[in-house]
Number of protein chains: 2
Amino acid sequence: MMYQDVVRSRRSVRDFMPDVEIPKEELMAIIEEAMFAPNSTNLNSWRFLIVTEKEQKEALYEVSMQQPAVKGAAAVIILLGDLTAYTVANADEISAKAVAQGTMTEEIRQGINENVSWYYDVSEEQKREWLMLDQGLVAMQLMLSAKDRGYDTVAMSGFETEAVRKLFNIEDHLVNGLIIPIGKAQTPGFETVRRDVSEVVTWLD
Amino acid sequence: MMYQDVVRSRRSVRDFMPDVEIPKEELMAIIEEAMFAPNSTNLNSWRFLIVTEKEQKEALYEVSMQQPAVKGAAAVIILLGDLTAYTVANADEISAKAVAQGTMTEEIRQGINENVSWYYDVSEEQKREWLMLDQGLVAMQLMLSAKDRGYDTVAMSGFETEAVRKLFNIEDHLVNGLIIPIGKAQTPGFETVRRDVSEVVTWLD
């Protein structure tokens, strides 16, 4: 599809057609494409838990304010951020891959490792905020890539974080941000208004 | 452009052609299109400060780790989140616009106001994290919309927050997230690696 058509036809969809299945390969391709999104120091901080099984979706629905999208979607992506991404070990592993494929020199690899060690010596609150920025970036591209392939989504932050963590044994170093139900719309998403651009932009000159 | 071409050709660009100007109307159109991005309870929490003036870009460069993108871009968008977006007054103002244009009923407007008052009775830390998610979502769409129109961008979190706030007299209720230089690439963005999708996805079944 044309970019403009993807952006302007994407809507938050909350009522999905039952019995739609998304082939695993296709969902993986959507996530892979979403991962072209820029991310903080290329630390690839995102983690994706995929829920497709009926009983698991129903359990998640109960701790997500019983929002029908969670039960009705073909899959629900639980988007997480990994606090341990801010380590030299993680940066080094990713850089090693770039060096191996010839898109990064050893010198740059070393420079990044040094950067990570001082730049990310910050509070957990700061790290969590950066994880949220990374999650927002990848989530937007994921939703557009889904739309481009004929699937609909909705980004939700309305869920009981602790209950969701307990339900899926989410480890302490993984931080919850959004959950994204994905499927095909049964009821189209409704048109939403926005503030006028002039209300949110300040031109400094 | 085709969606796939936009996603796959967008790169983080750090070296911009000098003397490129982006017409104000075009930059506003890019931001307006970016604002189609979903956002938490449609509270339109984003604010955009636009820096185009040479001396202001140079001052911002000094407090952004002297990253050349800040000085060389045609414009730098300072992306902020408004903590006061989580108020009934703000929700009501946006909903009133939807009611006026016939895309929302008075009943739904009232329901949203009630939701906002209890759903957003949370800590400032939680609100800041939601503001970051909103910023990530809109930033991604902004960067893709810019690319679709022939412009390049880079999302940066490496700046001295307090110094930037002081420089532009940013009010206390506005929270810094990303800054986004925008212009036309002089040096193409380099190809980056990502972890394999199988390393970041866990399939729960």
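What you see is a predicted model; the values in this text were computed from it and never measured. (Residues numbered from 1 in each chain as written. Chains lettered and ligands numbered in written order. Predicted model: local features only at pLDDT ≥ 70, side-chain atom pairs only at ≥ 80, totals over all residues. Heavy atoms only, no water.)

1. Things to note about the nonpolar core
So the rule is basically this: Residue types Ala, Val, Leu, Ile, Met, Phe, Trp, Tyr and Cys, when buried and joined through side-chain atoms within 4.5 Å, form a set referred to as a nonpolar core. Only protein chains enter the calculation, and the probe is 1.4 Å; a residue is then buried if its accessible area is under 20% of its type maximum, exposed if over 50%, and partly exposed in between. Whether two residues touch is decided by their heavy atoms; if any such pair falls within 4.5 Å, the residues are in contact.
Core analysis: the largest hydrophobic core is formed by 94 residues, its most contacted members being A:Phe48 and B:Phe48. Here B:Phe48 is in contact with A:Val200, A:Val201, A:Thr202, B:Ile31, B:Met35, B:Ile77, B:Ile78, B:Leu79, B:Val138 and B:Leu142, once residues within four sequence places are set aside.

2. Some words on the packing of helix α5 (residues 88–100) of chain A against helix α6 (residues 106–119) of chain A
All names here are of chain A. This is how the line gets drawn: Between N-to-C directions, angles cover 0 to 180 degrees, with each direction set by a line fitted to C-alpha atoms, over the stretch in contact for helices. A run of DSSP states H or I qualifies as a helix once it reaches four residues; a run of E qualifies as a strand once it reaches two. Both are numbered from the N-terminal end. In this scheme, roughly parallel covers angles under 35 degrees and roughly antiparallel covers those over 145, while 65 to 115 is roughly perpendicular and the rest are oblique. Should the near helix be turned counterclockwise from the far one by less than a right angle, the crossing is left-handed, whereas a clockwise turn marks it as right-handed. Three residue categories are used. Nonpolar comprises Ala, Val, Leu, Ile, Met, Phe, Trp, Tyr, Cys and Pro, charged comprises Asp, Glu, Lys and Arg, and polar comprises the others, including Gly.
Contact pair α5 / α6: the axes reach a minimum separation of 9 Å and the direction vectors enclose 165°. Accordingly, the angle class assigned to the pair α5 and α6 is roughly antiparallel. Of the two elements, α5 crosses α6, and the hand of that crossing is right-handed. Together, Val-88, Ala-91, Asp-92, Ser-95, Ala-96 and Val-99 of α5 and Glu-106, Arg-109, Ile-112, Asn-113, Val-116 and Ser-117 of α6 make up the contact between the two elements. Residue classes in the contact of α5 with α6 are distributed as six nonpolar, three polar and three charged.

3. Overview of the UniProt feature "domain: Nitroreductase" (unreviewed entry) in chain A
This is how it is decided: UniProt positions are given in the numbering used here, feature names are shortened, and annotations may be inferred rather than shown by experiment.
The residues that UniProt annotates with the feature "domain: Nitroreductase" (unreviewed entry) are residues 7–184 of chain A. Between the C-alpha atoms that bound residues 7–184 of chain A there is a distance of 17 Å. The span itself is 49% helix and 16% strand.

4. Side note on the interface of chain B and chain A
Threshold: What gets called buried area is simply the loss in accessible area from a 1.4 Å probe that two parts show on being joined, summed for both. Any Lys or Arg side-chain nitrogen found within 4 Å of a carboxyl oxygen on Asp or Glu counts as a salt bridge.
Between chain B and chain A, the residue contacts involve 78 residues of the former and 78 residues of the latter. Of the roughly 7400 Å² buried at the junction of chain B and chain A (both faces included), carbon and sulfur atoms supply 61%. On inspection of chain B and its partner chain A, the count reaches six salt bridges. One salt bridge in this structure joins A:Arg8 and B:Glu33, with 2.6 Å as the shortest N-O distance. Grouping the constituent residues of the side of chain B that touches chain A by class yields 38 nonpolar, 21 polar and 19 charged.

5. Re the side chain of B:Asp148
For clarity, the threshold we go by: Positive charge is attributed to Lys and Arg, negative charge to Asp and Glu, and no charge count is given to His or to the chain ends. Polar contacts, as counted here, are pairs of nitrogen or oxygen atoms within 3.5 Å of one another; within protein the pair requires one atom able to donate a hydrogen and one able to accept it, and residues that are adjacent in sequence qualify only if both atoms are side-chain atoms.
Tracing the backbone shows B:Asp148 in helix α7 (residues 124–148). For the buried B:Asp148, no salt bridge is present, and the opposite-charge side chain at shortest range is B:Arg149, 4.7 Å distant. A distance of 3.0 Å separates a polar atom in the side chain of B:Asp148 from a polar atom in the side chain of A:Gln4. Dropping the residues within four chain positions of it, B:Asp148 is found in contact with A:Tyr3, A:Gln4, B:Met1 and B:Val6.

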